Every structure is written in structure tokens, then in C-alpha cells.
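# Analysis of the macromolecular model
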Amino acid sequence: MKLGIVQASSVESALNLTDKALRQGARVVLLPKDWTVSLDLVPVSEFQKIAKLFTAHIVLGGLYDGFSVVSPIITPDGRILGLSKMIYPDVKDAVPGTELVAFKSSGNKFGVLIGNDLLHSELVLALLKQNIDVVLVPSAVPADSLQWWSDVVKLRAAETGMVFVNANLFVPPRSGGHSLIAVPSLEEDRIVGVVKEVLGETEGFAVVDVDTTSLIGLRARKLSEIGREIKVNLLG
């Protein structure tokens with residue numbers, strides 16, 4: 001399945017790069033967090049048109065709508081399927097979400113974690129328990145935290161068997177780009193997160209073809225591991 005990431009910093013580039021990703025066959029396209037200052041400034045109808053034209057899902061990143069940090073999900077028929085809300089919002093006085101959102105595309109299940117929600121293990125585990133194939137992570141990570149953030153994305157892929165697609169904002173010096181797609185892989189009987197694509201320090205897009213069916217066994221292994229009951233022997 002072809003997955004698209006868009007590294008945009010303006011409305012014009014977001015539309016243009018999303019269109020390019022769709023023309024290269026992306027079935028789901030993810031935009032970054034905070035690529036415009038408010039959801040009110042997003043030409044949602046234009047994104048709906050191109051989603052319908054290419055019969056693909058578009059996930060509009062993470063944007064503040066005046067109440068919460070949300071990620072609108074547009075369907076291949078141009079509808080707004082729903083909003084994923086940031087559970088641990090980084091905007092003052094923003095209303096936190098109370099549940100995660102998932103959707104289906106081309107036989108795969110997708111979950112959404114906005115920004116630092118990725119750092120909360122209980123949210124990642126909730127998606128794994130629902131047997132999610134791909135986790136979409138819109139973010140706006142500063143340049144000086146990119147290596148650390150990349151390591152977290154790879155670790156999440158390794159510890160869950162899920163694919164992690166991260167679209168990161170590129171608006172220097174505030175946010176440093178380097179969006180990436182991390183795919184779990186079995187190496188010498190251990191699961192690691194392998195980066196399939198990284199965008200640099202510029203606006204751009206990438207489309208990566210990921211065989212999610214080959215990862216079912218890895219995810220089943222992780223699900224069995226979390227189901228084990230391990231006792232803790234407190235010494236002393």
C-alpha cells in the first residue's frame with residue numbers, strides 16, 4: 001500500500017504537495033502538525049475535491065480549531081469522516097480528546113496520534129490492542145530534537161509491529177522537517193524499526209509502498225507478548 005507524507009508550511013504548498021503525492025499513487029496522505037495557524041484557514045473543500053478525484057484518504061495533520069488540537073480525516077468520496085483529537089494537547093487551555101480514532105483504507109486499519117501523544121505508551125498500546133496496521137503521526141518537532149524524535153518513532157515501530165508514518169513540520173527555526181516512515185522488520189529474531197524514507201530540511205513529499213500484510217505475524221507476536229502476565233519479585 002502506498003503511503004504519502006507531506007512536509008508543508010503553507011496552505012499553497014500543502015495543497016500542491018498533497019496533489020503530487022496523490023498523483024504518485026498514495027492511498028493515504030498525511031500532513032504535519034501546525035502547517036497553518038488555525039483550522040479556519042484550511043481550504044477543506046479543496047482537499048475534499050482532490051481526495052475524491054484520486055479516491056484517497058487525506059489526514060490534515062494536527063490543527064487548533066479554537067477548542068482542541070484536531071486532525072480532520074477526509075474519505076475517498078470527499079466526506080469528512082471525523083476528527084482525531086490530541087489527548088495531551090500542547091496548546092494552552094485546549095480541550096483534550098478522550099478517545100483515539102481509527103479508520104480503514106484498502107483493507108488496512110489506521111490510527112492517529114497527534115504530536116506528543118506518541119510519547120504516551122498507553123495510547124500506543126491501545127492502538128496495538130485494536131490490531132492497527134499503520135499509525136499516522138503529524139508533528140512539529142524542533143530541529144534540535146529531531147534525532148531523539150526519530151529514535152522514538154523507530155522504537156514504537158519495533159515494540160509494536162505497527163508502521164509509523166510521521167509528517168513533521170518544516171518551518172525553521174521552529175520546526176526542522178525530516179519527516180519519516182518507520183517499518184518494523186525482523187532481524188536475527190528481534191524486531192527493529194527500519195526507516196524507509198526521510199525528507200530533509202525543505203518542503204516536499206514522499207510516497208512509500210509498504211507491504212502491511214507481511215507485518216501481520218510481527219504484530220501478532222507483539223500482541224502475545226503484552227498478554228503475558230509477568231510477576232515481579234521484590235527482593236530485600
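Whatever comes next refers back to the structure up there.
The following refers to the structure shown.

## Concerning the overall build of the protein
For the protein, the helix and strand inventory stands at five helices and 15 strands. Against the compact-globule benchmark of 18 Å for 236 residues, the protein has a radius of gyration of 17 Å, which places it among compact chains. Each principal axis of the C-alpha distribution contributes one length, and for the protein these read about 60 × 40 × 30 Å. Burial status across the protein gives 50% buried among its 236 residues. The contacts of the protein with a sequence gap of at least 6 include a subset with a gap of at least 24, amounting to 65%. For the protein, the exposed area adds up to about 11,000 Å²; of that, 53% sits on carbon and sulfur atoms. The centroid of the 23 positive side-chain charges in the protein is displaced by 5 Å from the centroid of its 26 negative side-chain charges.

## As for the packing of aromatic side chains
Summed over all chains, the structure comprises three aromatic pairs. Taken together, a centroid distance of 5.3 Å and an interplanar angle of 10° make the contact between Phe103 and Phe110 stacked. The pair Phe103 / Phe110 is uniform in exposure class, with both members buried. An angle of 50° between the planes, with centres 6.4 Å apart, marks the rings of Trp148 and Trp149 as tilted. Looking at Trp149, the relative accessible area reads 2%, which means it is buried.

## Considering the side chain of Ser71
Along the chain, Ser71 turns up in strand β5 (residues 69–74). Looking at Ser71, the relative accessible area reads 0%, which means it is buried. Polar side-chain contacts of Ser71 include one of 2.5 Å to the backbone oxygen of Gly61. Among all residues touching Ser71, those that are not within four sequence positions of it are Val59, Leu60, Gly61, Gly82, Leu83, Ser84, Val112 and Ile114.

## Some remarks on the layout of surface pockets
Of the volumes computed, that of the largest pocket is approximately 250 Å³. Lys33, Asp34, Asp90, Ala140 and Arg174 are the residues nearest the centre of the largest pocket, which is lined by 16 residues in total. Residues that form the lining of the largest pocket fall into these classes: eight nonpolar, four polar and four charged.

## Considering the sheet that holds strand β10 (residues 163–168)
Spatial ordering of the open sheet is given by β7-β8-β9-β10-β13-β14, a layout of six strands whose pairing is mixed. The sheet is open, and its two borders are formed by β7 (102–105) and β14 (190–198), each paired with just one other strand. When strand polarity is set aside, the average angle formed by the axes of neighbouring strands in this sheet is 25°.

## Details of the environment of Leu113
Tracing the chain through its elements places Leu113 in the loop between β8 (108–112) and α3 (121–129). Spatially, the C-alpha atoms of Leu113 and Asn166 are 9.6 Å apart, while their sequence positions differ by 53 residues. Discounting residues that sit within four places of it in the chain, Leu113 has contacts with Leu100, Leu118, Leu123, Val124, Leu127, Val135, Leu136, Val137 and Pro138.

## Description of the side chain of Thr212
Topologically, Thr212 is positioned in the loop between β15 (204–209) and α5 (216–226). With a relative accessible area of 8%, Thr212 lands in the buried category. Ignoring any residue separated from it by four or fewer positions in sequence, one finds Thr212 in contact with Asn108 and Val134.

## Notes on the pairing of β8
Taken across its five residues, β8 has four buried, putting it largely inside the fold. Here four bridges tie β7 to β8, and the two strands are oriented antiparallel to one another. Looking at β8, one finds that Phe103 is bridged to Phe110. Here β7 hands over to β8 after two residues, with Ser106 in that stretch at a positive phi of 50°. Here β8 pairs with strand β9 (residues 134–139) via three bridges, running parallel. If you follow Val112 over to β9, its bridge partner there is Leu136.

The rules we used
- Residues numbered from 1 in each chain as written.
- Predicted model: local features only at pLDDT ≥ 70, side-chain atom pairs only at ≥ 80, totals over all residues.
- Heavy atoms only, no water.
- Helix = DSSP H or I, 4+ residues; strand = E, 2+ residues; numbered from the N terminus.
- Rg over C-alpha atoms; globule rule 2.2 N^0.38 Å.
- Buried < 20%, exposed > 50% of the residue type's maximum accessible area, 1.4 Å probe, protein only.
- Contact = heavy atoms within 4.5 Å.
- Areas by Shrake-Rupley, 256 points an atom, 1.4 Å probe, with all protein chains shown as cover.
- Lys, Arg positive; Asp, Glu negative; His and termini not counted.
- Charge placed at Lys NZ, Arg CZ, Asp CG, Glu CD.
- Phe/Tyr/Trp six-rings, centres within 6.5 Å; stacked < 30°, edge-to-face > 60°.
- Polar contact = N/O pair within 3.5 Å; in protein donor to acceptor, adjacent residues only side chain to side chain.
- 1 Å grid on protein atoms, 1.4 Å probe; cavity = no way out; pocket = protein on both sides within 12 Å on 5 of 7 lines; lining within 4 Å.
- Points joined across faces, edges and corners; volume = space filled by probe spheres on them.
- Nonpolar A, V, L, I, M, F, W, Y, C, P; charged D, E, K, R; others polar.
- Pairing = 2+ DSSP bridges.
- Axes fitted to C-alpha atoms, helices over the stretch in contact; angles between N-to-C directions.

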